[in-house]
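Spelled out, the chains give:
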Amino acid sequence: VNISVDASKSKKISDLLIGAFFEDINYAADGGLYAELIQNRDFEYTVSDKKGRDQNWNSKYAWDVSGNGISFSIDSVSPIHINNKHYAVLNISQQGASFTNKGYDGIAVKGGEKYYLSLFTKVLNGKGGKLSIRLKDKNGKTVAESQIKTGSTDWKKQEIILSAKETSAETILEITPEFTGKVALDMVSLFPQNTFKGHRNGLRADLAQTIADIHPRFVRFPGGCVTHGDGLHNIYQWKNTIGSLESRISQGNIWNYHQSMGLGYFEYFQFCEDMGAEPLPVIAAGVPCQNSGTGGAGQQGGVPMEEMGQYIQDILDLVEYANGDVKTTWGKKRAEAGHPKPFNLKYIGIGNEDLITDVFEDRFTMIYNALKEKHPEITVIGTVGPFCEGTDYEEGWDVASRLHVPMVDEHYYQTPGWFIHNQDFYDKYDRSKSKVYLGEYASHVPGRHNNMETALSEALYMTSLERNGDVVSMSSYAPLLAKEKYTNWNPDLIYFNNTEVKLTPGYYVQKLYGQNAGNEYLPSIISTNETNNSAKVRVGKSIVRDNKTGDIIIKLVNMLPVAVDTKINMGDISITDTNAQKTVLQGQPDDKTPTPVVSDFKVGKEFNNELPPYSFTVIRIKAQ
Ligand code: AHR
């Protein structure tokens, strides 16, 4: 195969092409990225969180008592905050028994590390006294311990540090009252001191770093379907997710569990800032999933028209929260949370692969017009839903074109074959219409873990995203995270459990693209003696320049079962013989755990390179 670069026809491409899409699916937030180790810390789990109405999924979930002489009930007569109604009441008739939390399948701790334990208590009967707090491993051995004193008859927050003496993957929290009487507890929380960038109420360091390593140029949050929820009551409301943790309003999750909202909009903005990524919040377009809401007469499926004014105001307030001066109502709240500087929000998504009906269009138009009028500086990203048979993709585009929406969010989950044979998908796009945010995509056979075959078909397709980086402005693989044993959706980019992060071939493809992105596309011509088209489409290339560093990056994909010799001619680009960095990801199609191999590689004006069978190669040539 010969590849000749023609830099004279170079074009500018988006510098936001590779991003990340975070959704609280597969226990990605609570029990996942959000570093809280106590499950149901606020006693707000409810039977209605779960579609099957599991009776055990209630305020007591994950909590228990051990030993005799202690009973535990739930009350809501006098909560810490009206938004956090339920709390535990311990009735202690005899000392020695304990109140326990099992975490998310255990609480993993590392020897030598420190953990913040905080809780609210209120003495209801008696004088109170000491609470011994311990983390105990499976054999009942104490791994960390300390004490706090109760006594106040009003809610009182206290915090102590627990130092883990040894590593254990599965401890439980044990709270042992050293007194008799009655005490109320709420917001029982345990966080590692070592969170991503050391933030309080922070993120799990290993998982957050794994995402940061992709070098995402933006992060979309909080979903996906989580954004629009499974009914009007379940639409994600950003205002419920900011402020003190005890004042946030938790709710059921469309993926059938509970969202504590401890990971809320402030934390999302902060995570983006920490990674140097643009924040991309997505807000429901006034309609829930499949327009399944039940409004008043004529409103079926969407937020009732008489409530749309407030609904839109909430979206305008989000811009003020992110960008407004500290003297504004919402800018002040951001400052109170510890961030007086604006977050510099530039993009807002409205809608998530919704049914394109009048109900949708009316509400989308109202929101879009209001944002355009009040915040012309914000780029609104509309939705055209999934590209596949029987969906509203065309109608979505019609709405976007009518309104001149600057960018639309497309989604598709397709087979490896689809990605291989549709590399011209965006070559045909009308450049005068909306730009594209490919907000969700993955190559997969449903239910199957991603492997080299799916990852290489994505790498191949992504060469076409770079080639079309003048119309495709952003892209993000979905879903990002999945906790083992709690996976609603397969495949995912990153799997994890309480102690490990498991990377997939698809992850390495995203990371190699993210770390080797460019903002100038250098067209090239590929020629081969091969006549079989099916073989031809299995070899792909993309050459870009990163104008910040001046580096040139060559990406080469070989999905054939044989090695392919390539001769690369750099054309007019002046390159003297030098050492470049070559990274190769290679494996059999069903391999799930290949890792990239990095080596030095000699390049010049013209050079040869053999692409191993089933491989993705990135050659990075430093600016000269
Ligand atoms: O990525 C998983 C789900 O797929 C998203 O929540 C939704 O937008 C899409 O249907």
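Residues numbered from 1 in each chain as written. Predicted model: local features only at pLDDT ≥ 70, side-chain atom pairs only at ≥ 80, totals over all residues. Heavy atoms only, no water.

J.: Got a minute to help me understand the pattern of salt bridges in this structure?
T.: Pairs can form between side chains of opposite charge whenever their charged atoms are close. Under the definition given, this model contains 30 salt bridges. Measuring nitrogen to oxygen at the nearest pair gives 3.9 Å for the salt bridge that ties Arg220 to Asp409. Of the two residues, Arg220 sits in strand β15 (residues 218-221) while Asp409 sits in strand β21 (residues 407-414), which places them 189 residues apart along the sequence. Under the relative-accessibility criterion, Arg220 is labelled buried at 0%. The shortest N-O distance in the salt bridge between Arg248 and Glu267 comes to 3.1 Å. Taken together, the residues Arg248 in the loop between α2 (225-228) and β16 (251-253) and Glu267 in helix α3 (residues 265-275) connect sequence positions 19 residues apart. We classify Arg248 as buried; its relative accessible area is 6%. If you follow the salt bridges from partner to partner, you end up with Asp546, Asp551, Arg620 and Lys622 in one network. (Salt bridge = Lys/Arg side-chain N within 4 Å of Asp/Glu carboxyl O. Helix = DSSP H or I, 4+ residues; strand = E, 2+ residues; numbered from the N terminus. Buried < 20%, exposed > 50% of the residue type's maximum accessible area, 1.4 Å probe, protein only.)

J.: Help me out: how do you make sense of the site of the ligand in this one?
T.: Around the ligand there are 14 residues in total, and Glu23, Cys225, Glu353, Tyr413 and Glu440 lie nearest to it. The side chain of Asn352 places a nitrogen or oxygen atom 3.0 Å from an oxygen atom of the ligand. Taking Glu353, its side chain carries an N or O atom lying 2.7 Å from an oxygen atom of the ligand. For the ligand, whose accessible area on its own is 280 Å², the fraction buried by protein is 95%. Here the shell around the ligand is composed, by residue class, of eight nonpolar, three polar and three charged. (Near = heavy atom within 4 Å. Polar contact = N/O pair within 3.5 Å; in protein donor to acceptor, adjacent residues only side chain to side chain. Areas by Shrake-Rupley, 256 points an atom, 1.4 Å probe, with all protein chains shown as cover. Nonpolar A, V, L, I, M, F, W, Y, C, P; charged D, E, K, R; others polar.)

J.: Could you clarify how one ought to interpret the sheet that holds strand β26 (residues 501-503) in this entry?
T.: Strands in a sheet are paired, the pairing made by backbone hydrogen bonds, and the direction either parallel or antiparallel. Pairing is mixed across the open sheet formed by three strands, whose spatial order is β24-β25-β26. Each edge of the open sheet carries a strand with a single partner, namely β24 (481-483) and β26. For this sheet, the mean inter-axis angle between neighbouring strands, taken without regard to orientation, is 25°. Pairing analysis gives three bridges linking β24 to strand β25 (residues 494-496), with the strands arranged parallel. Paired with Leu481 across the strands is Ile494, a residue of β25. (Pairing = 2+ DSSP bridges. Axes fitted to C-alpha atoms, helices over the stretch in contact; angles between N-to-C directions.)

J.: Please clarify how the sheet that holds strand β5 (residues 70-75) should be interpreted in this entry.
T.: Read from one edge to the other, the open sheet built from five strands follows the order β5-β6-β14-β9-β12, with strand pairing classed as antiparallel. Every other strand in the sheet has two partners, leaving β5 and β12 (156-163) as the edge strands with one partner each. Strand-to-strand twist across the sheet, computed as the mean angle between neighbouring axes with direction ignored, equals 35°. One ladder, built from eight bridges, connects strand β9 (residues 114-125) with β12; its direction is antiparallel. Its bridge partner lying in β12, Leu119 is registered against Gln158.

These results come straight from atomic positions and should not be treated as a statement about function.
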